[in-house]
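# Chain and residue survey
The primary structure of each chain is shown beneath.
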Amino acid sequence: MLTKKKTITEEIRESCKLVVENSRYVKVNFDAINKFLNDFSFELKNWDNSKLLNTDIHYTEDPLKACYYFFVLDSVNFCFWADKKTEKWTVKYKDQEYSGYNALAICLKREAENSNLFIYPYYWAKLFKNEFMRMIYPTYDDLHYIFGELKLIEERVTNLREFGENLFEKPLSDLYKTIFWKDLQEKNIQGKVKEEEKDPYKLSYKGKNDPEKIKDIIVQANRDVNKFINIIIDNFRNFRDNEEYQLKSGKIIKVGFYKRAQILAHDLFLLYDYYKNNKPDLIQKYPFLEYLNFRNISDLTAFADYKLPQYLFYKGILEYSEDLKNMIMNGVYIPAGDVREVEIRAATVVAVEEIANRLKKAPSFVDNVLWNLSKKTTDLPPHHKTITIYY
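What comes next is a walk through the structure. (Residues numbered from 1 in each chain as written. Predicted model: local features only at pLDDT ≥ 70, side-chain atom pairs only at ≥ 80, totals over all residues. Heavy atoms only, no water.)

### Focus: the packing of helix 2 (residues 30–45) against helix 18 (residues 363–376)
- Orientation of helix 2 relative to helix 18, taken along the N-to-C sense of each, is 95°, at an axis distance of 11 Å. For the element pair helix 2 / helix 18, the angle class is roughly perpendicular. Where helix 2 approaches helix 18, its residues Phe36, Phe40, Glu43 and Leu44 are matched on the opposing element by Phe365, Val366, Val369, Leu370, Leu373 and Lys376.
- For the contact of helix 2 with helix 18, the per-class residue count stands at 8 nonpolar, no polar and 2 charged. (Axes fitted to C-alpha atoms, helices over the stretch in contact; angles between N-to-C directions. Helix = DSSP H or I, 4+ residues; strand = E, 2+ residues; numbered from the N terminus. Parallel < 35°, antiparallel > 145°, perpendicular 65-115°, else oblique. Contact = heavy atoms within 4.5 Å. Nonpolar A, V, L, I, M, F, W, Y, C, P; charged D, E, K, R; others polar.)

### Thoughts on the packing of aromatic side chains
- All chains considered together, the criterion is met by 20 aromatic pairs.
- Relative to Tyr311, the ring of Phe36 lies with its centre 6.4 Å away and its plane at 70°, an arrangement referred to as edge-to-face. With Phe36 in helix 2 and Tyr311 in helix 15 (residues 307–314), this residue pair connects regions lying 275 residues apart in the sequence.
- Assessed through its relative accessible area of 5%, Phe36 is described here as buried.
- For Tyr311, a relative accessible area of 5% gives the class buried. (Phe/Tyr/Trp six-rings, centres within 6.5 Å; stacked < 30°, edge-to-face > 60°. Buried < 20%, exposed > 50% of the residue type's maximum accessible area, 1.4 Å probe, protein only.)

### A few points about the sheet that holds strand 3 (residues 96–99)
- Spatially, 3 strands are ordered 3-2-4 in an open sheet, and the strand pairing comes out antiparallel. Strands with a single pairing partner mark the edges of an open sheet, and in this sheet they are strand 3 and strand 4 (143–147). Averaged over all pairs of adjacent strands, the angle between their axes in this sheet comes to 35°, without regard to strand direction.
- The pairing of strand 2 (residues 90–93) with strand 3 spans 4 bridges and is antiparallel. Directly across from Thr90, in strand 3, lies its bridge partner Ser99.
- In the packing of helix 4 (residues 100–114) onto the sheet, contacts are made with strand 2, strand 3 and strand 4, and the angle to strand 3 comes to roughly 105°. (Pairing = 2+ DSSP bridges.)

### Some remarks on the environment of Tyr314
- In this structure, Tyr314 sits in helix 15.
- A residue is classified by how much of its surface remains accessible, and Tyr314, at 32% relative accessible area, is partly exposed.
- Considered as a pair, Tyr314 and His383 are 69 residues apart in the sequence and their alpha carbons are 9.9 Å apart.
- Setting aside residues no more than four positions away along its own chain, Tyr314 makes contact with Thr377, Asp379, Leu380 and Pro381.
- A polar atom in the side chain of Tyr314 sits 3.0 Å from the side chain of Asp379. (Polar contact = N/O pair within 3.5 Å; in protein donor to acceptor, adjacent residues only side chain to side chain.)

### Brief notes about unusual backbone geometry
- Although it is not a glycine, Asn222 adopts a positive phi angle of roughly 55°.
- Along the chain, the position of Asn222 falls in the loop between helix 11 (213–220) and helix 12 (225–235).
- Here Arg223, not a glycine, exhibits a phi torsion of approximately 65°, which is positive.
- Turning to its location among the elements, Arg223 is positioned in the loop between helix 11 and helix 12.
- Arg223 sits in the partly exposed class, given a relative accessible area of 28%.

### Details of the nonpolar core
- The biggest cluster of nonpolar side chains holds 130 residues, and the ones touching the most others in it are Phe40 and Phe228.
- No other element matches the 11 residues that helix 13 (residues 259–278) contributes to this core.
- The contacts of Phe40, once residues within four sequence positions are left out, are Ile355, Leu359, Val366, Val369, Leu370 and Leu373. (Core = buried A, V, L, I, M, F, W, Y, C linked by side-chain atoms within 4.5 Å.)

### Quick word on the layout of surface pockets
- Its boundaries defined by the atoms lining it, the largest pocket holds a volume of some 990 Å³.
- Secondary-structure elements contributing two or more residues to the lining of the largest pocket are strand 3, helix 4, helix 13, helix 15 and helix 18.
- Among the elements that line the lining of the largest pocket, the one with the most residues is helix 18, at 6 residues.
- Taken together, the residues that form the lining of the largest pocket break down as 18 nonpolar, 15 polar and 9 charged. (1 Å grid on protein atoms, 1.4 Å probe; cavity = no way out; pocket = protein on both sides within 12 Å on 5 of 7 lines; lining within 4 Å. Points joined across faces, edges and corners; volume = space filled by probe spheres on them.)

### Describing the pattern of salt bridges
- The final tally for this structure, using the stated rule, is 20 salt bridges.
- One salt bridge in this structure joins Glu162 and Arg237, with 3.4 Å as the shortest N-O distance. Residue Glu162 is located in helix 7 (residues 153–168), and its partner Arg237 is located in the loop between helix 12 and strand 5 (242–246); the two are separated by 75 residues in the primary sequence.
- Judged by its relative accessible area of 8%, Glu162 is buried.
- Via salt bridges that share partners, Lys109, Arg110, Glu113 and Asp142 belong to a single interconnected network. (Salt bridge = Lys/Arg side-chain N within 4 Å of Asp/Glu carboxyl O.)

Geometric values such as these leave the question of function open.
Structure below.
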């Protein structure tokens, strides 16, 4: 008898459930969820999901460029917290201060508005650190850097280069051969390039730098959010957010979270929803946008980061061992992939799943409300600190 292959989101749920069942440092208090739901139901009734895509900070003008925008944004959407001795990276936009994710969204929006190169794969494939620094430390009249430092600059540049390279379908060394192919021809005295210098792929620079290339990823998924996530993690290594975890039996399992890949799918779905409700003529004009209307968007899990567990711990839904609690309260770094970090994130996925099931809501919807509640709550305890490219 043939068994049906699990979807990527089913694998996330099952692996996180196994972690919680074998956890040593983190527990989910299911009884605390009952008490929490009484207050949370009011927040749900007043929640408007359309708030998530905010045209003040997100780019939406041109549909193709907007798709590039969210791919770029979610390639570098991680690690915004500041150390005790440093201030959080902050910019001022139209006389209002923004930090973290919102600041990044605004800076990249301005880049999308100003740069015609934004939709060309080679632009990102050959991105230099100084160019990215110019984007995130802006000096415009209405948008400028104030203070603080953004972590992992080199890693963010690497992710964006990978994005461009893989759209270009070439490793960087061959990419540069292609870009400078004409120069090689002109420099050769006889007008011919030596055999060993020829591009082994024999691909034209113009053909591979097609801005429409990004549509292939979107259309290939055929409105299936699980297929879309698989395409992303198969083609872009920096989205492969998984870790190994040893169960009490000694068996080692792979635990998947894929937070940024899921966020990307979610953002593109919100983009479609925005066009549908505000600019329906664009959907008629650009038929590929229909492929952003994922038919199984509710399959997405919680987006396990550091804000959600911080809030769930505050509400008593997550419980930590004394050692782990002391580490977090004292700002001790937890290494990426450490068993404690994996347990915190897995418990977050399971807890949000339980809340969503009881409310008969999609986990990603509950995640959005919880994340915004955490941002509005002023007396939260410290969150766990892990330096990582995954969240």
